[in-house]
Amino acid sequence: NSYVLEKEQVRLEALVVSPASFEEAVEVEEEALKDYFGGNSEGFLTPEKVNAAYVLVSHGPYRDQVKVYTGDIEEYYDSHIEEFSTPEDLHMRHILLRVLPGADEAVRMEKRKIMEGLLERVRAGEDFGELAKIYSEDTGSKKGGGDLGYVKRGSLVPEVERAAFALKPGEVSDIVSSSYGLHLIKVEDYRASNVEPLEGVKEKIRETLTEEKAWRLARRKAEESSWDLKEKGGLPEAGSSQGDFEVKETGYFSRTDAIPDLGRETSFIQTAFLLEPGQMSDVIRGDKGYYLLQVIEKKAPETPPFEEVRDRVEKKLRQEESKTLAEEKAKEVLEAVRSGTSIDRLTEQEG
């Protein structure tokens, strides 16, 4: 039945024969490495690479040009009031005895009898958290004495929520039944909902609006530059300076490389590999600002000289050969176990 399926357990021992421990035992000859490289060169191809010209329009320099008015702040506050509101919540513990849907009545009655005993012990003064560590079947909170931390109204199953929010700090509920099983609930603390006054958050809002407006201004400047650059034939033809902005070149980079001065700008890298040589992008937003970029050249994946990747080839070959050695050892161990040698003794003998 479902109770047996839930409670049935098995204890086992495993002896692991790891290929990594055989890597040093692999004998590697230079000729074998070259043969392996020749037959598996596709695994050592250099990645596709791109070289691009770009202009970065950062929002930072435009912060000083932005004006934020009192009306802007009040409007933002009213339309984003949830950002400044703390919802009602409470700090609670619980003891859960799981009862699966459709469980036999005998199982239900047994669990309820256990829970009634726990409730009596709590009311007699025993520590709720210590009992939860011993008896609770909620594996997520059991070690912490049933502690669920602070929970907001609306985040619990209805039966548990109604019972929890009806308690005062320090109180323990009667037995509560839910789709998870049977619960005992203890409330440690309660915090009413709260809204921060406008006066306390207006500078935070001013900073947010300054950032937003600076980003919008940077976007407008980037779009204006895009029109000018397209009229001039693109970024490489525009020269090293474009108004207030500098035209730079990335040098060749792959999809996983960090670009000098830019780092791992995901939107920039993704766009660069979508464009064809000579093609100019639309305005794209990155972490550092807005970009215009134009691909100068692409390099397709190619097979490098053996000397450049010799160490990688040796490592790969050792890994593959060590799997064969590990499998052979595992078969020897299996035969020894079947002949009566214990796993403990084999572990000691073989390390």
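1. Observations regarding the overall build of the protein
The secondary structure content of the protein amounts to eleven helices and eleven strands. A globule of 351 residues ought to have a C-alpha radius of gyration of about 20 Å, yet the protein, at 33 Å, is considerably larger. Seen along its three principal axes, the alpha-carbon backbone of the protein occupies a region of about 85 × 80 × 30 Å. Here the protein holds 351 residues, and 34% of them are scored as buried. For the protein, the proportion of contacts with a sequence separation of at least 24, taken over those separated by at least 6, is 70%.

2. Focus: the packing of aromatic side chains
Note on aromatic pairs: each is described by the distance of the centres and the angle between the planes. Scanning the entire structure with this criterion turns up nine aromatic pairs. When the centroid spacing of 5.5 Å and the interplanar angle of 85° are considered together, the rings of Tyr 54 and Phe 268 count as edge-to-face. Of this pair, Tyr 54 sits in strand 1 (residues 49–57) while Phe 268 sits in helix 9 (residues 266–274), placing them 214 residues apart in sequence. Tyr 54 sits in the buried class, given a relative accessible area of 3%. The exposure class assigned to Phe 268 is buried, which follows from its relative accessible area of 0%. On the numbers, 5.1 Å between centres and 75° between planes, the contact of Phe 268 with Tyr 291 is edge-to-face. Taken together, the positions of Phe 268 in helix 9 and Tyr 291 in strand 11 (residues 290–299) put the pair 23 residues apart, joining distant regions of the chain.

3. Some remarks on the pattern of salt bridges
As enumerated under the stated definition, the model contains 22 salt bridges in all. Among the salt bridges present, the one from Asp 174 reaches Arg 123, with a minimum N-O distance of 2.5 Å. Linking Asp 174 in the loop between helix 6 (158–165) and strand 5 (176–178) with Arg 123 in helix 4 (residues 105–123), this pair joins segments that are 51 residues apart in sequence. Overall, the relative accessible area of 49% leaves Asp 174 in the partly exposed class. Assessed through its relative accessible area of 56%, Arg 123 is described here as exposed. For Glu 314, the salt bridge goes to Arg 310, with nearest N and O atoms at 2.8 Å. Of this pair, Glu 314 and Arg 310 are both found in helix 10 (residues 306–338), four residues apart, which corresponds to roughly one turn of the helix.

4. Some remarks on the nonpolar core
Of all hydrophobic cores here, the largest spans 26 residues; its most connected members are Val 55, Val 57, Tyr 62, Ile 205 and Tyr 290. Of all elements in the fold, only strand 1, helix 3 (70–79), helix 7 (198–231), strand 9 (245–249) and strand 11 reach the threshold of two or more residues within this core. Counting residues per element, this core draws most heavily on helix 7, at nine residues. Each residue touching Val 55, except ones within four places of it in the same chain, is listed here: Leu 229, Leu 235, Phe 245, Glu 246, Val 247, Tyr 290, Tyr 291 and Leu 292.

5. Remarks on a nonpolar patch on the surface
Where nonpolar side chains cluster on the molecular surface, the patch consists of Ile 114, Ile 134 and Tyr 135 and spans about 260 Å² of accessible area. On the secondary structure map, Ile 114 appears in helix 4. Taking the relative accessible area as the measure of exposure, Ile 114 reaches 36% and is therefore partly exposed.

6. Thoughts on a negative patch on the surface
Together, Glu 27, Glu 29, Glu 31 and Asp 35 give the surface a local cluster of negative charge. In this structure, Glu 27 sits in the loop between helix 1 (2–7) and helix 2 (30–39). What makes Glu 27 exposed here is its relative accessible area of 77%.

7. Some points on the pairing of strand 6 (residues 181–191)
Where strand 3 (residues 89–98) lies against strand 6, ten bridges are found, and the strand directions are antiparallel. The partner of Ile 95 across the bridge, within strand 6, is Leu 184. In this sheet, strand 6 lies alongside strand 5 in antiparallel orientation, the contact comprising three bridges. Among the inter-strand pairings, Ser 177 is bridged to a residue of strand 6, identified as Leu 182. Between the antiparallel neighbours strand 5 and strand 6 lie two residues.

8. Some remarks on the sheet that holds strand 4 (residues 147–152)
The pairing of strands in a sheet comes from backbone hydrogen bonds and takes either a parallel or an antiparallel form. Strands sit in the order 4-3-6-5 across an open sheet of four strands; the sheet is antiparallel. Looking at strand neighbours, the two that pair on one side only are strand 4 and strand 5, the edges of this open sheet. Along the sheet, successive strands turn relative to each other by an average axial angle of 45°, direction set aside. Note that strand 3 and strand 4 share four bridges and pair antiparallel. Within strand 4, the position partnered with Arg 93 by the bridge is Asp 147. The sheet strands contacting helix 5 (residues 128–135) are strand 3 and strand 6, and the helix crosses strand 3 at an angle near 40°.

9. As for the environment of Ala 53
Considering the arrangement of structural elements, one finds Ala 53 in strand 1. By relative accessible area, which is 4% here, Ala 53 ends up buried.

10. Some words on the packing of helix 3 against helix 7
Put simply, helix 3 and helix 7 touch, their axes get as near as 9 Å, and they point 105° apart. Classified by the angle their axes make, helix 3 and helix 7 are roughly perpendicular. Residues Asp 72, Ile 73, Glu 74, Tyr 76 and Tyr 77 of helix 3 touch helix 7, and the partners they reach there are Leu 198, Val 201, Lys 202, Ile 205, Arg 206, Thr 208, Leu 209, Glu 212 and Lys 213. Partitioned by chemical class, the residues of the contact of helix 3 with helix 7 number seven nonpolar, one polar and six charged.

What counts and how
Position numbers for residues start from 1 in each chain and track the written sequence from start to end. It should be noted that, the model being predicted, local features are given only for residues of pLDDT at least 70 and side-chain atom pairs only at 80 or more, the latter also being counted only at that level, while totals for whole chains, interfaces and linings use all residues. Processing note: side-chain calculations cover all non-hydrogen atoms of the structure and skip hydrogens and water entirely. Put simply, DSSP H or I for four residues or longer makes a helix, DSSP E for two residues or longer makes a strand, and each gets a number counted from the N terminus. Each radius of gyration is computed over the set of C-alpha atoms, and the globule rule expresses the reference value as 2.2 Å times the number of residues to the power 0.38. Each residue is placed in one exposure class: buried if its accessible area under a 1.4 Å probe, protein chains only, is under 20% of its type's maximum, exposed if it is over 50%, and partly exposed if it falls in between. Any two residues having at least one pair of non-hydrogen atoms within 4.5 Å are treated as being in contact. Here is the rule: rings of Phe, Tyr and Trp (six-membered ring for Trp) pair when centre to centre is within 6.5 Å. Planes less than 30 degrees apart are stacked, more than 60 are edge-to-face, and the remainder are tilted. Any carboxyl oxygen of Asp or Glu within 4 Å of a side-chain nitrogen of Lys or Arg constitutes a salt bridge here. The nonpolar core is taken to be a set of buried Ala, Val, Leu, Ile, Met, Phe, Trp, Tyr and Cys residues, with the residues joined through side-chain atoms within 4.5 Å. Each patch is built from residues lacking any salt bridge and having more than 30% relative accessible area; the joining distance is 9 Å for like charges and 5 Å for nonpolar side chains (Val, Leu, Ile, Met, Phe, Trp, Tyr). Accessible surface is estimated by sampling points in the Shrake-Rupley manner with a 1.4 Å probe; for residues, cover comes only from the protein chains shown. In this tally, Asp and Glu contribute negative charge and Lys and Arg positive charge; neither His nor the terminal groups of the chain are included. By convention, charge coordinates are those of NZ in Lys, CZ in Arg, CG in Asp, or CD in Glu. When DSSP locates at least two bridges between a pair of strands, those strands are taken to pair. Here an axis means a line fitted to C-alpha atoms, over the contact stretch when the element is a helix, while the angle between two N-to-C directions is reported on a 0 to 180 degree scale. Any angle that falls under 35 degrees is termed roughly parallel, while one over 145 is termed roughly antiparallel, one within 65 to 115 roughly perpendicular, and all others oblique. Only Asp, Glu, Lys and Arg are considered charged in this grouping, and only Ala, Val, Leu, Ile, Met, Phe, Trp, Tyr, Cys and Pro are considered nonpolar; every other residue, Gly among them, is considered polar.

Nothing here speaks to function; it is geometry throughout.
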